Amino acid sequence: MIISWNTTNNCNMYCDHCYRDAGAKAEEELNTQEGKELIEEIAKAGFKIMIFSGGEPFMREDIFELVTHAKNLGLRPVFGTNGTLIKEDTALHLKELGVMGVGISLDSLHIDKHDELRRYQGAWQGAVEGMKNCRKAGLPFQIHTTVMDWNNKELEALTDFAVDMGAVAHHFFFLVPTGRAVNIEEESLRAEEYEKVLTRIMEKQKSVDIELKPTCAPQFMRIAKQMGMNLRFGKGCLAGTSYCIISPKGQVQPCAYLNIELGNVRETPFSKIWGNNEVFNRLRTLEYSGGCGSCGFKKSCGGCRARAAFYNEGDYMAEEPWCLHHGRRGY
């Protein structure tokens, strides 16, 4: 099981697609002691991998103390970051602390396009320098790319870049209109292009040794099976079943893009929210409506629950809109 904690809303960028609407530090963010208690609850609930993200997690002054606490409790700490604050000494320290890996965002091979999306001059160069510093320190890193209509033609080239840089994986985050991304909803892929891009990614996987994984595009599981590929992943959409996210203020959500607050860890221990919340329990039934409910790949795909909610007036169990396989059974 995997969990993500947005450790802070503070960020040195103001990205157009940010689901957290990050920028300035939020009031009443969890303090160090509250963060440690949360990490203890996360371990108690049975999670194994803990993602420290943001905002930009390296803008939190106690981040190394929190990582150490997670490691001491047997969790596998990893990071989601824009990479610009990973200097040589930072990478070495993360390696010494036992951090298992770092995900660094890179959305284009065109410097100006990446910087424009991130609203930060020097974002591309800083991300690449962060990768180099991780590589030099022997700290595993992967590249994270948000997929939109204007950059989807360069995904294979970005994978080749990831290989050349020494990344262990390339993960593709398909745009979901949440947070500031609502303002660029028209840049998200629609059903036919969505299918084509996922097929291209699976085809590319056959020719590279690093892991390629789409996120918020659970149909990749069906496509991989149809192509005769056996992937290590058990299910496409993990929201509420083996994944959730916690905000800087302690609000629990099923995933980063499904903005439903299920409780606050300051008021209710996280392990109780995870075990007892009715939204989590409903998501675990897999009793979807529409095409997702009758699909033969329901258990391995699940449809994007966040996208289903956005396009169906908040109904997170509704049919995922950007799928060409609705209602079909098996192959």
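The coordinates are above.
Residues numbered from 1 in each chain as written. Predicted model: local features only at pLDDT ≥ 70, side-chain atom pairs only at ≥ 80, totals over all residues. Heavy atoms only, no water.

### Details of the packing of aromatic side chains
Now for step 1: Taken as a whole, this structure holds 13 aromatic pairs when the rule is applied.
Now for step 2: Relative to phenylalanine 52, the ring of tryptophan 5 lies with its centre 6.3 Å away and its plane at 50 degrees, an arrangement referred to as tilted. Pair noted here: tryptophan 5 is in strand S1 (residues 2-6) and phenylalanine 52 is in strand S2 (residues 49-53), with a separation of 47 residues, a long-range link.
Now for step 3: Aromatic side chains tyrosine 311 and tryptophan 322 sit 5.2 Å apart centroid to centroid with 65 degrees between the ring planes, which places their arrangement in the edge-to-face category. Placement of the pair is tyrosine 311 in helix H12 (residues 305-311) and tryptophan 322 in the segment after H12, with a sequence separation of eleven residues.
Now for step 4: Assessed through its relative accessible area of 27%, tyrosine 311 is described here as partly exposed.
Now for step 5: Given the relative accessible area of 15%, tryptophan 322 is considered buried.
Now for step 6: Among the aromatic residues, those joined into a ring-pair cluster are Trp5, Phe52, Phe58 and Phe79.
Now for step 7: Directly above the ring of tyrosine 14 sits arginine 180, whose terminal nitrogen or CZ lies 3.5 Å from the centroid. (Phe/Tyr/Trp six-rings, centres within 6.5 Å; stacked < 30°, edge-to-face > 60°. Helix = DSSP H or I, 4+ residues; strand = E, 2+ residues; numbered from the N terminus. Buried < 20%, exposed > 50% of the residue type's maximum accessible area, 1.4 Å probe, protein only. Lys NZ or Arg CZ within 6 Å of the ring centre and 35° of its normal.)

### Description of the pairing of strand S4 (residues 101-105)
Along any regular strand, the residues point their side chains to alternate faces of the sheet.
Now for step 1: Burial within S4 is extensive, with five of its five residues counted as buried.
Now for step 2: Where burial is concerned, the two faces of S4 agree: the one with Gly101, Gly103 and Ser105 and the one with Val102 and Ile104 are both buried.
Now for step 3: In terms of strand pairing, strand S3 (residues 76-81) meets S4 through four bridges, oriented parallel. Note that in S4 the partner of threonine 81 across the bridge is isoleucine 104.
Now for step 4: In this view, the connection linking S3 to its parallel neighbour S4 by way of helix H3 (residues 88-97) has right-handed handedness. (Pairing = 2+ DSSP bridges. Right-handed = clockwise from strand over helix to strand, strands pointing away.)

### Focus: the side chain of histidine 171
Now for step 1: Its place among the elements puts histidine 171 in strand S6 (residues 169-174).
Now for step 2: Ignoring any residue separated from it by four or fewer positions in sequence, one finds histidine 171 in contact with Gln142, Ile143, His144, Thr145, Glu211 and Lys213. (Contact = heavy atoms within 4.5 Å.)

### Description of unusual backbone geometry
Now for step 1: A cis amide bond links glycine 54 with the next residue in sequence, glycine 55, at an omega value of 10 degrees.
Now for step 2: The topology assignment puts glycine 55 in the loop between S2 and helix H2 (63-72).
Now for step 3: Of note, glutamate 28 is a non-glycine position whose phi angle comes to about 65 degrees, a positive value.
Now for step 4: Here glutamate 28 is to be found in the loop between S1 and helix H1 (32-44).
Now for step 5: At arginine 119, a position not held by glycine, the phi torsion is positive, near 55 degrees.
Now for step 6: Along the chain, arginine 119 falls in the loop between helix H4 (111-118) and helix H5 (123-137).

### A few points about the state of the cysteines
Now for step 1: Per the counting criterion, the structure on display carries zero disulfides.
Now for step 2: Counting only cysteine sulfurs, cysteine 304 is the nearest neighbor of cysteine 216, a cysteine outside any disulfide, at a range of 4.9 Å. (Disulfide = S-S within 2.5 Å.)

### Remarks on the sheet that holds S6
The strands making up a sheet associate through hydrogen bonds between their backbones, and the pairing can be parallel or antiparallel.
Now for step 1: One open sheet accounts for nine strands, arranged S7-S6-S5-S4-S3-S2-S1-S8-S9; its pairing is mixed. Strand pairing shows two members of the sheet lacking a second neighbour, strand S7 (211-215) and strand S9 (252-253), which therefore form its edges.
Now for step 2: Of the strand pairs in this sheet, S6 and S7 are connected by five bridges, and their pairing is parallel. Opposite histidine 170, over in S7, you have leucine 212 as the bridge partner.
Now for step 3: Packing of H5 onto the sheet brings it into contact with S4 and strand S5 (141-147), and relative to S4 it is tilted by some 160 degrees.
Now for step 4: Contacting S5, S6 and S7, helix H7 (residues 191-205) crosses the sheet at an angle of about 160 degrees to S7. (Axes fitted to C-alpha atoms, helices over the stretch in contact; angles between N-to-C directions.)

### Here's the deal with the packing of H1 against H2
Now for step 1: Where H1 meets H2, the closest approach of the two axes is 10 Å, and the angle between their N-to-C directions is 25 degrees. In terms of axis orientation, H1 runs roughly parallel to H2. For the element pair H1 and H2, the recorded crossing hand is right-handed. Packed against H1, whose contacting residues are Thr32, Gly35, Lys36, Ile39 and Glu40, the element H2 presents Glu65, Leu66, His69 and Ala70 at the interface.
Now for step 2: Looking at the contact of H1 with H2 residue by residue, the class counts come to three nonpolar, three polar and three charged. (Parallel < 35°, antiparallel > 145°, perpendicular 65-115°, else oblique. Left-handed = near helix turned anticlockwise from the far one by under 90°. Nonpolar A, V, L, I, M, F, W, Y, C, P; charged D, E, K, R; others polar.)

### As for the packing of H3 against H5
Now for step 1: Remark: H3 packs on H5, axes separated minimally by 8 Å, with the N-to-C direction vectors making an angle of 45 degrees. The angle between the axes of H3 and H5 places the two elements in the oblique class. Where H3 crosses over H5, the handedness of that crossing is right-handed. Of H5, the residues touching H3 (which contributes Glu88, Ala91, Leu92 and Lys95) are Asn133, Cys134, Lys136 and Ala137.
Now for step 2: Each residue belonging to the contact of H3 with H5 can be placed in one class, and the counts come to four nonpolar, one polar and three charged.

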